[in-house]
Amino acid sequence: MSRWKALSTELDPRVRQLLTQLRRLKDHSGLSMRQLAAKTGYSEKSWERYLGGRSLPPREAVEALARIGGVDPVRLLALHEVAADTWGGRHLDATAPQEPAPEPPPEPVPAPTVGPAARPETEPETETEWVTAAGRSLRVALVAGAVALVLALSSAALLVMRLDGDNSEPAAAPPAVSTAPAPSSAPAYTCRVERTDGLWYAGISRTRDTELGYGAAGPEVAEAQCLLRRAGISPGGIDGMFGPLTQRAVKAFQTGAGLAVDGTVGPDTWKALRG
């Protein structure tokens, strides 16, 4: 279990709730920061900033960590949406796994009070503006209330599980959310690329039509990763996990091969990879 540094008390409570949940997922996964970076496509330093409260993680990063932890990402994404509204009034670009822009220096003005919504500098002048402002505040309040209810129910369930666990044998370890990978940094699969009957094979799978998309895992993914690397396009590690780096490599290969660029591996893409 990681020994986390306490989050800053200046963070909005909704941001603290999001980061607390992400830290728990990371601990339960058993992954190191380096392994987490390899599986999500975000750098080790980026994850240190995200989980340390110095940068709000993008939506894609939250979803990737949720899938690795084996939990439904819907609740975390709802919490992320609320946290993003309170994160310094900035809008994040969560569509690409790239380094976040440096944060601007704080302006010499008093920090805003924590609350559902800040009062605008000028009052709305028309009925339409009043209705729009009221609707926005109500929507934020409803989302925050729903997230708070889900978190309360989750905390209650965890407390019950912990109390039940206290009555069992003390030597029993709590089950991990997902199977932790071997501590070794070596890839789970080894590419042995060779040409047989005019087709390329990597020695892991001989499939020619298995449909692979984002989130897929297994030897077929590792086979595609090996063939992408043979074609001169790096998918990251050969780990058998179809993450953002593998998806980006597939799109690059499809573009160069004149195929439909959809980021998935189907019969046409297999044919081009093995041809």
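Residues numbered from 1 in each chain as written. Predicted model: local features only at pLDDT ≥ 70, side-chain atom pairs only at ≥ 80, totals over all residues. Heavy atoms only, no water.

S.K.: Report on the confidence of the model for the protein, specifying residues and quantitative values.
M.R.: Put simply, the protein has an average pLDDT of 77, and 67% of its residues get 70 or more. In the model, residues 90–106 has pLDDT below 50 throughout and makes 28 contacts with residues more than four positions away in sequence or in other chains. For the stretch residues 108–128, pLDDT sits under 50, and the model shows nine contacts to residues farther than four places along the chain or on other chains. (pLDDT = per-residue confidence, 0-100. Contact = heavy atoms within 4.5 Å.)

S.K.: Outline the environment of Gln17, supporting the account with residue identities and numerical values.
M.R.: Here Gln17 shows up in helix α1 (residues 13–29). In this structure, the C-alpha to C-alpha distance between Gln17 and Leu151, residues 134 residues apart in sequence, is 8.5 Å. Sequence-distant contacts of Gln17, defined by excluding residues within four places in its chain, comprise Leu79, Val147 and Leu151. (Helix = DSSP H or I, 4+ residues; strand = E, 2+ residues; numbered from the N terminus.)

S.K.: Lay out helix α7 (residues 219–230) with the relevant residues and their values.
M.R.: Here α7 contains twelve residues, and its C-alpha end-to-end distance of 16 Å stays within 8% of the 16 Å for a straight helix at 1.5 Å per residue. Taken together, the buried residues of α7 touch β2 (199–201), α8 (244–257) and α9 (267–274). A positive backbone phi angle near 90 degrees is found at Gly232, which sits one or two residues after α7. (Expected span 1.5 Å × (residues − 1).)

S.K.: Can you explain the pattern of salt bridges? Please cite residues and give values.
M.R.: Scanning the model with the defined rule gives three salt bridges in all. For Arg14, the salt bridge identified is with Asp12, shortest N-O distance 3.0 Å. With respect to burial, Arg14 and Asp12 carry one shared label: buried. Of the charged contacts in the structure, one is a salt bridge between Arg274 and Glu223, with a shortest N-O distance of 2.9 Å. (Salt bridge = Lys/Arg side-chain N within 4 Å of Asp/Glu carboxyl O. Buried < 20%, exposed > 50% of the residue type's maximum accessible area, 1.4 Å probe, protein only.)

S.K.: Describe the state of the cysteines, and please don't skip the residues or the numbers.
M.R.: Using the criterion set out here, one finds one disulfide in the structure. Note that Cys191 is cross-linked by a disulfide to Cys226, the S-S spacing being 1.9 Å. Here the S-S torsion is close to -80 degrees, and the disulfide linking Cys191 with Cys226 is therefore left-handed. On the criterion of sequence distance, the pair formed by Cys191 in the loop between α6 (127–166) and β1 (194–196) and Cys226 in helix α7 is long-range, its members being 35 residues apart. Since its relative accessible area comes to 28%, Cys191 is described here as partly exposed. (Disulfide = S-S within 2.5 Å.)

S.K.: Any chance you could break down the packing of helix α2 (residues 33–40) against helix α4 (residues 59–69) for me, citing the residues and the numbers?
M.R.: Between α2 and α4, the least distance of the axes is 10 Å, while the angle of their chain directions is 110 degrees. Here α4 runs roughly perpendicular to α2, going by the angle between their axes. On the side of α2, the interface is formed by Leu36, Lys39 and Thr40, while α4 contributes Ala64, Leu65 and Ile68. Of the residues belonging to the contact of α2 with α4, the class tally is four nonpolar, one polar and one charged. (Axes fitted to C-alpha atoms, helices over the stretch in contact; angles between N-to-C directions. Parallel < 35°, antiparallel > 145°, perpendicular 65-115°, else oblique. Nonpolar A, V, L, I, M, F, W, Y, C, P; charged D, E, K, R; others polar.)

S.K.: Before we move on, could you go through the packing of aromatic side chains and cite the residues and values that matter?
M.R.: Per the stated rule, a full pass over the model turns up three aromatic pairs. Here Tyr42 and Tyr50 contribute two aromatic rings whose centre-to-centre distance is 6.3 Å and whose plane-to-plane angle is 70 degrees, an arrangement assigned as edge-to-face. The class of Tyr42 is buried, set by a relative accessible area of 4%. Ring geometry for Trp47 versus Tyr50: centroids 5.5 Å apart, planes at 80 degrees, classification edge-to-face. Of this pair, Trp47 and Tyr50 are both found in helix α3 (residues 44–52), three residues apart, which corresponds to roughly one turn of the helix. (Phe/Tyr/Trp six-rings, centres within 6.5 Å; stacked < 30°, edge-to-face > 60°.)

S.K.: So, the packing of α4 against helix α5 (residues 73–86): which residues are in play, and what are the values?
M.R.: Two quantities define a packed helix pair, namely the angle between the helix axes and the distance between the axes. Remark: α4 packs on α5, axes separated minimally by 9 Å, with the N-to-C direction vectors making an angle of 155 degrees. Here α4 lies roughly antiparallel to α5, going by the angle between them. Seen from above, α4 lies across α5 with right-handed handedness. Contacts from Arg59, Val62, Glu63, Ala66 and Arg67 in α4 reach Pro73, Leu76, Leu77 and His80 in α5. Across the contact of α4 with α5, the residue classes break down as five nonpolar, one polar and three charged. (Left-handed = near helix turned anticlockwise from the far one by under 90°.)

S.K.: Residue-level account of the environment of Thr20, with values.
M.R.: Following the sequence through the fold, Thr20 ends up in helix α1. The sequence separation of Thr20 and Leu51 amounts to 31 residues, and the corresponding C-alpha distance is 8.2 Å.

S.K.: Account for α3, naming residues and giving values.
M.R.: Within α3, burial applies to Ser46, Trp47, Tyr50 and Leu51. Viewed along the axis of α3, the buried residues span an arc of 120 degrees, placing them on a single side of the element. For α3, the elements touching its buried residues are α1, α2 and α4. Two residues or fewer past α3, Gly53 is found with a positive phi of approximately 85 degrees. (Arc of directions from axis to C-beta.)

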